[in-house]
Amino acid sequence: MISFQFRRMVMAALMSVIAWNSLTTKLQAHGFEGDRFFPPTVTTDDPFATDELSLPTISFFNNPASADGTTPKTREIDISSEFDKEIFPKFALGVTETEIFQKPQGQTGMNGFDNLSLSAKYQLFENGPHEFILSIGGEIDLGGSGSKLIGADSYSTYTPKLYYGKGFGDLPNALKYLKPFAVTGTLGYAIPGEAGNSDGSLNPDVLQWGFALEYSLPYLQQHVEDVEWLHPFKDIIPLVEFQMNTPVNRGGGFTTGTINPGILWESKYCQIGAEAQIPINSSTGPNVGAIFQVQFFIDDLFPKVFGHPIFFNNDKDADK
Amino acid sequence: MKIFRIFLTIILSLTFISQVEAHAFLDHAEPKVGSTVVAPAQVKVWMTMDLMKKTFTTLQVFDAKGNEVDKKDVQINEATMMVSLPRLAAGTYTVTWKALAICGHKTSGTYMFTVQ
């Protein structure tokens, strides 16, 4: 009941934000530093506090059996959605919800919502000529808001985070074919609200680190050299994402994570991403998984509603 | 399954619509991005959407020392911008464009070309 009421409150808040926001009309571009467009990445969060909507992100992955044999290998499909809204200039709030489908080997399948996740992000430092951005923020996974059936934690987890992005367009011209490279990443420290559980197991703090290395063919085409490729090839950004979790205390065990090679394809209204998920060790998973994402550029789709902060919109140039 | 089909239809519709309101990016230019050419009489850029003829929208050409060398006679026509050039000496030049798209989104960018 608490979970249902909370979701209603979040939906009501979102609708209020959209309604209020529709009263303003001034617009800002999304995800740019200098010449660089940093695309929203699939598994690691990007550093921009802008209006974003990923709907949906679908991942297919096999979880390993537990070491004590109590839990068998489990096939898992996650369908999630994230919505972020710029509230003040360079400050955004976000909400993420995930529906999880699990099928333990030899057992009946089950599904349910994971804990609701809320996030905040502020763009702390930017340097356009050097295509650099540093942001701070964090996430809260609300304990008890998800389904116990799929193992949603009963406690909340608090994760302060650093976000960064750096494009290499400032390299000398002798290295011009390296200019389309860029890296974005996050560094977070997840602190569980409860150190232990009723069954005696412990909840470790976890260092969450990840980054994406990308090569932007649009950047190559628009800023380095016109190689005269046609659509859709010149709209593709090949990338590799690294998503890692390192327990730091309470016998948390090994680092787990995945290496995700894939591509992003940019269109005018949305971005479509597809990546393989290669587990780095047997503690992560026994097989290669896959993840797909559709990211809508809602500031382009609904320019009168999105693409600008709700409060203190200082962008006057659009009115000149 | 029905939801999936509806969702797929929406995505495909959004993806392949041709008349859209989105950010204005550089589609191509003359002289071409990163090219080496004989002294051109003008620089012309084709953007991915129509532009607003307002103060933010500009096209400039700078020499290697950062001096503006164009004739400051920018012409904007739908999705193109053009500026005339005097006879340029051999060297590398930087083109800077700023675009205010008809939907109100602002973008900017640079590229270089070399004169033989």
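Owing to the predicted nature of the structure, the values given are computational and were not obtained by experimental measurement.

1. Description of the overall build of chain A
Next, step 1: For chain A, the count of helices and strands is 3 helices and 15 strands.
Next, step 2: In chain A, which comprises 320 residues, the share counted as buried stands at 40%.

2. Thoughts on the environment of Thr-71 of chain A
All names here are of chain A.
Next, step 1: If you trace the backbone, Thr-71 turns up in the loop between strand 3 (52-63) and strand 4 (74-88).
Next, step 2: The exposure class of Thr-71 is partly exposed, given the 15 C-beta atoms found within 10 Å.
Next, step 3: Along the backbone, Thr-71 and Asp-199 are 128 residues apart, and their C-alpha atoms lie at a distance of 15 Å.
Next, step 4: Aside from chain neighbours lying at most four places away, what touches Thr-71 is Ala-65, Ser-66 and Pro-104.

3. Observations regarding the sheet that holds strand 3 (residues 42-47) of chain B
All names here are of chain B.
Next, step 1: The strand order across the open sheet built from 4 strands is 1-3-6-5, with neighbouring strands paired in antiparallel fashion. Two strands in the sheet have a free side with no partner beyond their single neighbour: strand 1 (26-30) and strand 5 (75-77). Across the sheet, the axes of successive neighbouring strands diverge by a mean angle of 15°, strand direction being ignored.
Next, step 2: As paired strands, strand 1 and strand 3 are joined by 4 bridges and run antiparallel to one another. Bridge assignment links Leu-26 to a residue of strand 3, and that residue is Met-47.

4. Details of the confidence of the model for chain A
Next, step 1: Per-residue confidence for chain A gives a mean pLDDT of 88; residues scoring 70 or more make up 88%.
Next, step 2: Taken as a whole, residues 17-29 of chain A scores under 50 in pLDDT and shows 31 contacts with residues more than four places along the chain or in a different chain.

5. Some points on the environment of Val-45 of chain B
Residues and elements named next belong to chain B.
Next, step 1: As for its placement among the helices and strands, Val-45 is situated in strand 3.
Next, step 2: With 21 C-beta atoms packed within 10 Å, Val-45 lands in the buried category.
Next, step 3: The spatial distance from the C-alpha of Val-45 to the C-alpha of Pro-31 is 8.6 Å, given a sequence separation of 14 residues.
Next, step 4: Beyond its immediate sequence surroundings of up to four residues, Val-45 is in contact with Leu-26, Ala-29, Leu-59, Thr-80, Met-81 and Trp-97.

6. Describing helix 2 (residues 217-224) of chain A
Next, step 1: Within helix 2 of chain A, 6 of the 8 residues are buried, which leaves the element mostly enclosed by the surrounding structure.
Next, step 2: Regarding helix 2 of chain A, the residues found buried are Tyr-219, Leu-220, Gln-221, Gln-222, His-223 and Val-224 of chain A.
Next, step 3: Considering only its buried residues, helix 2 of chain A is in contact with strand 2 (36-37) of chain A together with strand 1 and strand 8 (106-115) of chain B.

7. Concerning the pairing of strand 4 of chain A
Residues and elements named next belong to chain A.
Next, step 1: As judged from the 10 bridges shared by strand 3 and strand 4, these two strands associate in the antiparallel manner. Each residue of the ladder has a partner; that of Thr-57, found in strand 4, is Ser-80.
Next, step 2: Judged from the 14 bridges that link them, strand 4 and strand 5 (residues 91-104) form a sheet pairing that is antiparallel. Note on strand 5: the bridge partner recorded for Glu-82 is Thr-96.
Next, step 3: Where strand 4 hands over to strand 5, the hairpin turn is made up of 2 residues, of which Lys-90 adopts a positive phi near 70°.

Here is what the cut-offs are and how they apply
Residues numbered from 1 in each chain as written. Chains lettered and ligands numbered in written order. Predicted model: local features only at pLDDT ≥ 70, side-chain atom pairs only at ≥ 80, totals over all residues. Helix = DSSP H or I, 4+ residues; strand = E, 2+ residues; numbered from the N terminus. Buried ≥ 20, exposed ≤ 12 C-beta atoms within 10 Å, placed from the backbone. Contact = placed C-beta atoms within 7 Å. Pairing = 2+ DSSP bridges. Axes fitted to C-alpha atoms, helices over the stretch in contact; angles between N-to-C directions. pLDDT = per-residue confidence, 0-100.

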